[in-house]
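# Remarks on the overall topology
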Amino acid sequence: MDRINQWDWEIGKRELANLSEWEKKYERVLDPIASQDGEKIAAVVPTDEMEFGVCENGETWEGGYDKVWHLCYGPDDRLTGLVSDTGMWTVATNGDAWKESFEFAWRPLVSQDGKHISVNIQNGGQYAIALDGKPWESTFNYMADVALSPSGDKSAAAVQTVAFKEGDIFTFQKGCYSAAVNGTPWPANFVNVYDPVFSADSEHLAVSIRTSLYEYTIAVDGVPWDEKFPCVWGPKFSPDGNAVTAPAKSGGAWIMVENGRPLWKQKFVQLWHHQYNQNGDLLAAIVAPKFGKWTIAVNGSPWSCIFGDLVDNLTISPDGKRVACVGKDNGQWTIAVDGHPWPTTFDRAWQPVFSPDSQSVAAKVEKNGRYAIAVNGRIVTNELDTAWAPAFSPDGRKLLVKSLSANSDRKYVREVISLNT
């Protein structure tokens, strides 16, 4: 909230860039992105033959690269990208590259405060993670499913700890995988490891594991639950860290379990992507009460509204009392809040955004190839060629809209509109 308080919330439009002018200089402007506060727009641009750079608000980073990939603005609006120089990859932030480089780098993760960045790396066929430019001391033959701690100073991944040849099913079934934290693997090995997640205080790690070909459970800090299941999905720590919950299959249905024991009485055809609110008294998940019928369950109770295609982007309000999601039914998308779908449908809808007071919900939507911003089911902008996720002002009475026109001018506009009409 402090960061948003510092943004410019004066009502009106400001044109911050004209990408058609960039195209005259650079020939192409690739995958433009807007900053969180809307004050900056950046894109990959060719700066020379077989050379690329990053242009931000018309200014290009010093130096050029073989390739630039995965530009993104972090929570603190620093611009980060993966860059390749003479075939070696590294991370560059606001034009400053890490000293270390790697044969390949991918999947950057940014900490909640934007101060720490991790990236998957490969050198000589060995895998590891580099955190803030420092690679793990240990490397592995295989690595997947990476997590960055809330504090940003720890990284974890599923890793292969025992070498085995292709087709060696006997060694595989003994357990060849574990979880590694900052490069140090747990002593215990499992048949498979996936979905690592840190506790809120960054002190503990939970993962989904397969203990045999047919049994799954959750392991916390290397110790598996006693209870086994035919399948489990990604675990979550409760905000106080006293419990770990996970969807688990039991008796042909899916249930929510806590520390290995059933938490909800209700059973579902499918149950996944669960989230806590900040104080832990609300737990919501995407569920299928019947085959092919999707909704949200809050503390085990499913909404009455059902979507036949999908439910995604579960979002909990800042006060922890409300839940919203994207729903799709018969090819049409909308936003549902507390079990009530908006009356308007769209060709596409993106993740809902709550106002700081939790009273309003906004979302980017698409209709007939054009974009707009909707608030509480009502379109509040003109049609837009390109748009990014909206943001509410601290008092919830204004909305930040970031858009890019597709005509010959290609103007990037930052606009603050009033919602009091």
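Read on for an overview of the structure. (Residues numbered from 1 in each chain as written. Predicted model: local features only at pLDDT ≥ 70, side-chain atom pairs only at ≥ 80, totals over all residues. Heavy atoms only, no water.)

## A word on the overall build of the protein
Within the protein, the secondary structure is distributed over 3 helices and 42 strands. Taken over the C-alpha trace, the protein has a radius of gyration of 23 Å; the compact-globule value for 421 residues is 22 Å, and the two agree within 12%. Of all 421 residues assigned to the protein, the portion counted as buried reaches 49%. Here the analysis covers contacts within the protein between residues at least 6 apart in sequence; of these, 35% occur between residues at least 24 apart. When the accessible surface of the protein is split by element, carbon and sulfur atoms take 47% of a total near 20000 Å². For the protein, the distance from the average site of its 39 positive side-chain charges to the average site of its 53 negative ones is 6 Å. (Helix = DSSP H or I, 4+ residues; strand = E, 2+ residues; numbered from the N terminus. Rg over C-alpha atoms; globule rule 2.2 N^0.38 Å. Buried < 20%, exposed > 50% of the residue type's maximum accessible area, 1.4 Å probe, protein only. Contact = heavy atoms within 4.5 Å. Areas by Shrake-Rupley, 256 points an atom, 1.4 Å probe, with all protein chains shown as cover. Lys, Arg positive; Asp, Glu negative; His and termini not counted. Charge placed at Lys NZ, Arg CZ, Asp CG, Glu CD.)

## Some points on the nonpolar core
By size, the foremost hydrophobic cluster in this structure holds 19 residues, and its most contacted members are W98, V119, I121, W136, M143, A157 and V159. At the level of elements, β8 (88–93), β11 (117–123), β12 (126–131), β14 (143–148) and β15 (155–160) are the ones that each hand at least two residues to this core. With sequence-adjacent residues up to four places away left out, A157 is seen in contact with I129, W136, M143, A144, D145, V146, S178, A179 and A180. Within the second largest apolar cluster, 16 residues are counted, among which are A147, A156, C176 and F190. (Core = buried A, V, L, I, M, F, W, Y, C linked by side-chain atoms within 4.5 Å.)

## So, helix α2 (residues 19–26)
An α-helical turn contains 3.6 residues, so any two residues separated by three or four positions project in the same direction. For α2, the set of buried residues is L19, S20, W22 and Y26. Each buried residue of α2 lies within a common arc of 150° when the element is viewed along its axis, so the set occupies one face. Facing away from the buried side of α2, by more than 90 degrees, are the exposed residues K24 and K25. Lining the buried residues of α2 we find β1 (12–18), β2 (30–34), β3 (41–48), β4 (51–56), β5 (59–60) and β41 (398–404). Positive phi shows up at E27, right after α2, with a value of about 75°. (Arc of directions from axis to C-beta.)

## Remarks on the layout of surface pockets
If a probe the size of a water molecule is rolled over the atoms, the empty space left behind becomes visible. Its volume calculated, the second largest pocket comes out at about 300 Å³. Looking at the second largest pocket, it is lined by 16 residues, and the ones nearest its centre are K13, E383, L384, S403 and E415. Among the elements of the structure, β41 and β42 (411–418) are those that each provide at least two residues to the lining of the second largest pocket. A total of 4 residues in the lining of the second largest pocket trace back to one element, the largest contributor, which is β42. Taken together, the residues of the lining of the second largest pocket break down into 6 nonpolar, 4 polar and 6 charged. (1 Å grid on protein atoms, 1.4 Å probe; cavity = no way out; pocket = protein on both sides within 12 Å on 5 of 7 lines; lining within 4 Å. Points joined across faces, edges and corners; volume = space filled by probe spheres on them. Nonpolar A, V, L, I, M, F, W, Y, C, P; charged D, E, K, R; others polar.)

## Regarding the sheet that holds strand β6 (residues 67–73)
Taken in spatial order, the 4 strands line up as β6-β7-β8-β9 in an open sheet, and their pairing is antiparallel. Two strands in the sheet have a free side with no partner beyond their single neighbour: β6 and β9 (96–97). One ladder, built from 5 bridges, connects β6 with strand β7 (residues 79–85); its direction is antiparallel. When the bridges of β7 are listed, Y73 appears paired with L79. (Pairing = 2+ DSSP bridges.)

## Digging into the sheet that holds β2
Strand order in the open sheet formed by 4 strands is β2-β3-β4-β5, and the pairing between neighbours is antiparallel. Strands at the two margins of the open sheet, each flanked by one partner only, are β2 and β5. Bridge count for β4 against β5 is 2 bridges, and the pairing is antiparallel. Bridge assignment links C55 to a residue of β5, and that residue is T60. Along the sheet face, α2 touches β2, β3, β4 and β5 and points at about 15° away from the line of β3. (Axes fitted to C-alpha atoms, helices over the stretch in contact; angles between N-to-C directions.)

## Quick word on the pairing of strand β10 (residues 104–110)
Of the strand pairs in this sheet, β10 and β11 are connected by 5 bridges, and their pairing is antiparallel. Within β11, the residue paired with W106 across the bridge is N120.

## Things to note about unusual backbone geometry
Even without a glycine there, the phi angle at N330 is positive, about 55°. Tracing the chain through its elements places N330 in the loop between β31 (323–329) and β32 (332–337). Its identity as a non-glycine residue notwithstanding, D338 has a phi of 55°, on the positive side.

## With respect to the packing of aromatic side chains
One pass over the structure, following the stated rule, counts 15 aromatic pairs. Measuring from centroid to centroid gives 6.1 Å for W106 and Y127, while their planes differ by 90°, and the two rings are edge-to-face. Residue W106 is located in strand β10, and its partner Y127 is located in strand β12; the two are separated by 21 residues in the primary sequence. What makes W106 partly exposed here is its relative accessible area of 21%. Classification of Y127 as partly exposed rests on a relative accessible area of 22%. (Phe/Tyr/Trp six-rings, centres within 6.5 Å; stacked < 30°, edge-to-face > 60°.)

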